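Fold and geometry: a report
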Amino acid sequence: MAAAAGAEEPAAAAAEEQQERRAGSEEEEEDDEDEEAGGGGDSESSGDGEDEEKENEAEIQRLEEQLSINAFDYNCHLDLIKLLRQEGELVKLRRARQKMSELFPLTEEIWLDWLKDEIRMASENADREKVYDLFERAVKDYICPEIWLEYAQYSIGGIGLEGGIERVRSVFERALTAVGLHVTKGAAIWEAYREFENAILETAQPAPGSIPTPEQQQTLREQLEKIHTLFRRQLGIPLLDMETTYAEYEEWSEDPIPEAVIKNYKKALQQLEKCRPYEEALLVAETPKLAEYQAYIDFEMKVGDPARIQLIYERALAENCLVPDLWARYNQYLDRQLKVKELVLSAHDRAVRNCPWTVGLWIRYLLAMERHRVGHRTISDIFEKALNAGFIQAMDYVEIWQAYLDYLRRRVDFTQDSSKELEELRSAFARAVEYLKQEVEERFSESGDPSCTIMQNWARVEARLCNNMQKARELWDSIMTKGNAKYANMWLEYYNLERAHGDTQHCRKALHRAVQCTSDYPEHVCDVLLTLERIEGTLEDWDAAVQKTENRLARVNEQRAKAAEKEAALAKLEEEKAEQRKQARAEKKASKKAKKTKSGEKRKAEDDDDGEWGQEEVEQPSKRHKGDGEAMLADEEGEDMEVESGLFGRSAPTRADPLSKQKEKAATSRKEAPKILHDSNKDNVTVFVSNLSYSMTEPEAKLKELFESCGEMAEVRPVFSNKGLFRGYCYVEFMEEKSALKALEMDRRVVEGRPMFVSPCIDKNKNPDFKVFRYSTALEKHKLFISGLPFSCTKEELEEMCKAHGNVKDIRLVTNRAGKPKGLAYVEFENEAQASQAVLKMDGLTIKDHVIKVAISNPPRRRLPDKPEAERASQLAVPRQIYGARGKGRTQLSMMPRALQRQSNPPPKAENGMVQNSPATSSVSPEEPKSMSNADFARMLLKK
């Protein structure tokens, strides 16, 4: 031991000398930086520096205020730490890092910067202990070989203190346990450990020319054995560059390498060859490398070495710390396989700190703590943290409350009539109900627990475990008053509870109330009531039940008949409105035809004396032409897109500017073509194609070419205007239904610069509410909605930005009907975890001077105004020429003649609180101005 102590002193001196050299080099670097910063400065640069300092101070204050409002702003923490480090505010910097580390696990870069700053400031042994504590916190966040190596090197500087060498060895051994199996980075820890032991060996050597004492010889033998052991342990582990280590051992060792060591070395080499493809895949893969890590994990799971499985999970999580699914799989493995308390609870704690918005991770954490018998106070504290985690759905709060209530229920000994645990359980149930009512409903505008599952479970606990049916009945009565009395299944749940733990009288009472209140499946509860009376009731009970059920079902059938009549009346009203629209279109066409004829006669009277027509008939359109073929665009957009009769209009008169003979010939053929009506019986084999370019030449041939891959076509019917111009939509009829279904997949394909819309052929007169929308309008956690994009942003550019955060399955740039971008996009990821990570990383990014907003896709629900059906139907009849695509605009109101501004129908008067909704009240009154067509509107403006 004396020799060992003697060896410790030179080693300590060597370590201190090394620390001095390192500190000296750092001071020289700082001096150089000071000289560079101060060199060549003048009064102007000094003034600029003062301005910049003031700006930084203001920014620091702003960031601190923002964090006081929202402490979970991760990027704000990063910006504040960066600014404080730049300004040299060491006290504030330490406090900022401390606050961030309490909320989030810190990355390797943040920890290394913090540790280096603290090492630089540490001057006394007391400060050294604080740095050790900081290292202990750092190595718990993620598996990081660099931090372990820095920890070991720092501990070498303290070997001059009492127990210094043993502390260094302890740090190295823990580092080997944590990252010694790391295939690519583990060798650095082994080599540093061997270098330390070699340094100890050098200091233990006797002075040249002296004879070593027996104690010194024993120390030398022990130290040599330590180095031999390190070599042999390392050679038994598959690490990169193992051959170099083996050659170094051969050169260092004076004795031949034992056969057992060679055997382990060859076995490790074979295992390395199996791991090499996965390591190479990780080297070339792009972030986040989830697929590559998952393949590596699956491989290690087949091999079955727990330490290696744990390490590869930790490596994957270090790069994908915001992926809840990965944390969940890792925690599940630890819970079921390793079952080491410290390891399991540490992993669960890191999971919820990284992904606090994922309720499943919190629930698993609570279960793990209960499984490992953690104290009740600690579990309650974790539950309170979960409530403040900021879940994204109301239902998440119901789940976390239910998990905590299950835990409290398992603590209760129900053999006792009363206990502290039982009172705590009841208090928690009451608090959960109040919390969901006040906190959750306020935030999400929904309860999250519409069927009152927590109250149901409370009632079951009271009935089955506490034998307190009175309390259970009070709870079920409260459940029914929350809007659940109309559901048959809720009454049957209560009936079954009464059946198992109550009495026949309350069962009968519950079923009688159910028959009276149920509106979804009244027949079901009626059958249950009759079954009860058939088995247990008296004749009087049976008669009462039969009379009650018959009366109830008679009322239900009467209500259903009235509803059917009302629906039929509405359908008839819609048919009448459709007929009126058709008649209005026919009148408009006739008006245009008459106007055109009158214009032609006037032109003939004013012509030359020879009385002959010119070679070309000049067209007098009522609206300006848009491009070559969009003359009817404004009129046609005002018309409803109902099922087109398929009529081919007359050819338009030739225009003053020369047209090709091919177009003239086509127009003539369209004029002479027979009228073809669409057969609604063929809707299942027909698709409706719209949003095509109005200037498309030969649309029939073009569409046949587009859809030929879908299957054999029976007919392609483009729709033309009265002037022979293509209206931008057509019908494609196939021979088989599967061909039509395949054609629907071509929806949104770009054709001549516009997205082509392909939808089922549906008669909107018979189905007025039919709306084709291929994308979901509900919450999709795996899909992002991005706004604020520059119009020049392409799909490829957006995909390049998004794929850094996960596997992108699909990207959709939102465009208008002309195919022009609107600065919006939907990005679909492989799973919810990747989408969540992308939101955190991409929200607020600047792209080509545009700050984008990124959120989980959750379109708002479209709410219809609460108006009587007749009034809504009358409003539907208002032409879109008046209101436009999105209602009244300011310009439309200001430019519309007062004579054309119609008063909306007054709401029908109410009698005895009931709105009279008969069809007669919805008709237009004699005093109300008649709805005017486009032709009437034009005549009024041209009267003068």
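Residues numbered from 1 in each chain as written. Predicted model: local features only at pLDDT ≥ 70, side-chain atom pairs only at ≥ 80, totals over all residues. Heavy atoms only, no water.

**Concerning the confidence of the model for the protein chain**
Residue-level pLDDT values for the protein chain average 79, and 75% of them are 70 or greater. In the model of the protein chain, helix H34 (residues 880-883) stands out as the element of lowest mean pLDDT, 36, in contrast to helix H17 (residues 359-371), which has the highest, 97. Counting interchain partners and residues more than four positions distant, the pLDDT-below-50 stretch residues 1-43 has 24 contacts. Within the model, the stretch residues 864-930 combines pLDDT values under 50 with 56 contacts to residues more than four positions away or in other chains. (pLDDT = per-residue confidence, 0-100. Helix = DSSP H or I, 4+ residues; strand = E, 2+ residues; numbered from the N terminus. Contact = heavy atoms within 4.5 Å.)

**Description of helix H12 (residues 259-284)**
The first and last C-alpha atoms of H12 sit 37 Å apart over 26 residues, in line with the 38 Å expected at 1.5 Å per residue. The largest bend in H12 comes to about 40 degrees, at Cys275, with the proline Pro277 one to four residues further on. Turning to H12, its buried residues are Val261, Ile262, Tyr265, Ala268, Leu272, Cys275, Glu279 and Leu282. The inward-facing, buried residues of H12 abut helix H10 (214-235), helix H11 (242-252), helix H13 (290-303) and helix H14 (306-319). (Expected span 1.5 Å × (residues − 1). Bend = angle between axes of the 7 residues up to and from the residue. Buried < 20%, exposed > 50% of the residue type's maximum accessible area, 1.4 Å probe, protein only.)

**Side note on the environment of Leu112**
Structurally, Leu112 is set in helix H5 (residues 108-121). Between the alpha carbons of Leu112 and Ala138 there is a distance of 8.7 Å; along the sequence they are 26 residues apart. Discounting chain neighbours no more than four positions away, the residues touching Leu112 are Glu146 and Ile147.

**A look at a negative patch on the surface**
Judged by side-chain charge, Glu50, Asp51, Glu52, Glu53, Glu55, Glu57 and Glu89 come together as a negatively charged surface patch. Of note, Asp51 is situated in helix H2 (residues 43-69). (Patch = residues over 30% accessible without salt bridge, like charges linked within 9 Å, V, L, I, M, F, W, Y side chains within 5 Å. Areas by Shrake-Rupley, 256 points an atom, 1.4 Å probe, with all protein chains shown as cover. Salt bridge = Lys/Arg side-chain N within 4 Å of Asp/Glu carboxyl O. Lys, Arg positive; Asp, Glu negative; His and termini not counted. Charge placed at Lys NZ, Arg CZ, Asp CG, Glu CD.)

**Considerations on the sheet that holds strand S7 (residues 808-815)**
The strand order across the open sheet built from 4 strands is S7-S8-S6-S11, with neighbouring strands paired in antiparallel fashion. The sheet is open, and its two borders are formed by S7 and strand S11 (853-857), each paired with just one other strand. Recorded for the sheet is a direction-independent mean angle of 25 degrees between the axes of neighbouring strands. The sheet contact formed by S7 and strand S8 (residues 821-829) spans 7 bridges and is antiparallel. (Pairing = 2+ DSSP bridges. Axes fitted to C-alpha atoms, helices over the stretch in contact; angles between N-to-C directions.)

**Section: unusual backbone geometry**
Note that the residue after Thr287, namely Pro288, is joined by a cis bond; omega there is 15 degrees. Non-glycine residue Asn691 carries a positive phi angle of around 65 degrees. Inspection of the secondary structure puts Asn691 in the loop between strand S1 (686-690) and helix H29 (699-707). A relative accessible area of 5% means that Asn691 is categorised as buried.

**Let's talk about the sheet that holds strand S4 (residues 749-751)**
Reading across from one edge, S2-S3-S1-S5-S4 is the order of the 5 strands in this open sheet, with antiparallel pairing throughout. The sheet terminates laterally at strand S2 (713-720) and S4, the two strands that pair on one side only. Shown here is a sheet whose adjacent strand axes are inclined to one another by a mean of 30 degrees, direction ignored. In this structure, S4 lies alongside strand S5 (residues 754-760), joined through 3 bridges in antiparallel fashion. By the bridge assignment for S5, Val751 is matched with Arg754. Most of the contacts of H29 go to S2, to which it runs at about 140 degrees, and overall it touches S1, S2, strand S3 (726-734), S4 and S5.

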